[in-house]
Amino acid sequence: MNQPCPLPTTARDIAPLALVSVSVEHRGQRLLSDLTLRIEGCQRTVVMGPNGAGKSLLMRLAHGLLAPSSGSVAWLGATPRQAMVFQRPVLLRRSALDNLTYALAVKGTPRHRRRGLALAALDHFGLANLAKRPARVLSGGEQQRLALARAWLLEPEVLFLDEPTSALDPAAIKAVEEAVIDFHRRGTRIVMTSHDLHQARRLADDVVLLNAGRLIEHTAAKTFFQAPRTAEARAFLKGERVW
Ligand SMILES: Nc1ncnc2c1ncn2[C@@H]1O[C@H](COP(=O)(O)OP(=O)(O)OP(=O)(O)O)[C@@H](O)[C@H]1O
């Protein structure tokens with residue numbers, strides 16, 4: 001699933017992520033079953049599937065927040081710099097600006113550069129006038145843009161986004177999608193989950209379809225939307241129940 005990289009970047013050199021026969025069990029229940037999947041190159045991979053399919057589990061496994069019960073999850077090379085943006089952003093009880101300067105401090109950015117970089121990132125994500133506002137009182141869309149600004153400053157080689165637009169209005173969705181495109185242009189590999197078929201059509205280079213903890217398809221987006229290989233994918237695209 002490695003398409004030619006159209007970007008003038010080093011994204012093609014980011015290590016592939018290989019999941020081999022991965023299962024996740026919880027109290028005797030299989031939540032993910034025997035999943036083998038490789039994510040590589042500089043693609044934007046969109047993970048889709050019905051509620052409970054295992055999309056968030058897959059993201060957490062891929063980002064190293066969850067260990068598999070069996071099988072292996074490994075970067076085939078140097079572990080890349082990564083960031084993850086969640087549906088409900090995890091922000092500190094500080095101002096928007098301080099959330100960003102703190103992330104830069106953790107990253108090791110020298111103190112004298114932090115404020116300028118943080119202000120530039122706020123500006124880039126349309127948050128310049130909210131710099132002093134406590135992050136926790138920002139609206140959902142503003143919080144999501146702040147989370148993206150924080151990820152932007154971390155300069156990830158791989159960015160994971162778990163349903164980043166599910167609670168947002170159309171303008172906020174557009175802002176998040178533009179941010180995803182910006183990251184990708186900068187050479188970041190994108191792995192995101194989405195329930196929105198239109199969004200997946202707009203953003204995906206390849207699609208991973210999960211159902212009931214199993215991998216159904218991993219195909220180039222064009223193939224997935226025009227000629228899906230499996231009956232499950234055809235049903236999913238028609239909005240039919242696939243279980
Ligand atoms: N910590 C956990 N303990 C027990 N079960 C869990 C846990 N996390 C997830 N699950 C179960 O694993 C399955 C997959 O969950 P997951 O959140 O990955 O689904 P999803 O595809 O992201 O769904 P949605 O589209 O509804 O967000 C669900 O049935 C869920 O109840």
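Being a predicted model, the structure only gives us computed values, none of them experimental.

Definitions and limits used
- Residues numbered from 1 in each chain as written.
- Predicted model: local features only at pLDDT ≥ 70, side-chain atom pairs only at ≥ 80, totals over all residues.
- Heavy atoms only, no water.
- Helix = DSSP H or I, 4+ residues; strand = E, 2+ residues; numbered from the N terminus.
- Contact = heavy atoms within 4.5 Å.
- UniProt positions renumbered as here; feature names shortened; annotations may be inferred.
- Buried < 20%, exposed > 50% of the residue type's maximum accessible area, 1.4 Å probe, protein only.
- Axes fitted to C-alpha atoms, helices over the stretch in contact; angles between N-to-C directions.
- Parallel < 35°, antiparallel > 145°, perpendicular 65-115°, else oblique.
- Left-handed = near helix turned anticlockwise from the far one by under 90°.
- Nonpolar A, V, L, I, M, F, W, Y, C, P; charged D, E, K, R; others polar.
- Near = heavy atom within 4 Å.
- Polar contact = N/O pair within 3.5 Å; in protein donor to acceptor, adjacent residues only side chain to side chain.
- Areas by Shrake-Rupley, 256 points an atom, 1.4 Å probe, with all protein chains shown as cover.

Another aspect to go through is the environment of Trp 75. Locating Trp 75 in the fold gives a position in strand 4 (residues 70-75). Remark: the alpha-carbon pair of Trp 75 and Ile 39, spanning 36 residues in sequence, is separated by 9.6 Å. Ignoring sequence-local partners within four residues, the contact set of Trp 75 consists of Ala 15, Pro 16, Leu 17, Ala 62, Pro 80, Gln 82, Val 158, Phe 160 and Arg 189.

What UniProt calls "domain: ABC transporter" (unreviewed entry) maps, in this numbering, to residues 17-237. Between the end C-alpha atoms of residues 17-237 the distance is 27 Å, and the span holds 38% helix and 27% strand.

Moving on, we come to the environment of Pro 80. Note that Pro 80 resides in the loop between strand 4 and strand 5 (82-85). Assessed through its relative accessible area of 8%, Pro 80 is described here as buried. If near-sequence neighbours (up to four positions away) are discounted, Pro 80 is found in contact with Ile 14, Trp 75, Glu 157 and Val 158.

Moving on, we come to the packing of helix 3 (residues 111-124) against helix 4 (residues 140-154). At a minimum axis separation of 9 Å, helix 3 and helix 4 run at an interaxial angle of 130 degrees. Taken together, helix 3 and helix 4 sit at an angle that is classed as oblique. For the pair helix 3 and helix 4, the sense of crossing is right-handed. Here Leu 117, Ala 118, Ala 121, Leu 122 and His 124 of helix 3 come into contact with helix 4, specifically with Leu 146, Ala 149, Trp 152 and Leu 153. For the contact of helix 3 with helix 4, the per-class residue count stands at eight nonpolar, one polar and no charged.

Around the ligand sit His 26, Leu 31, Pro 50, Asn 51, Gly 52, Ala 53, Gly 54, Lys 55, Ser 56, Leu 57, Glu 163 and His 195, and that is every residue in its neighbourhood. Side-chain polar atom of Asn 51 to an oxygen atom of the ligand: 2.9 Å apart, as the coordinates give it. Here an oxygen atom of the ligand sits 3.0 Å away from a polar atom, N or O, in the main chain of Leu 57. Contact with the protein chains hides 60% of the accessible area of the ligand, taken as 640 Å² for the molecule alone. Here the element with the most residues in the shell around the ligand is helix 1 (residues 55-62); it accounts for three residues. Here the residues of the shell around the ligand sort into four nonpolar, six polar and two charged.

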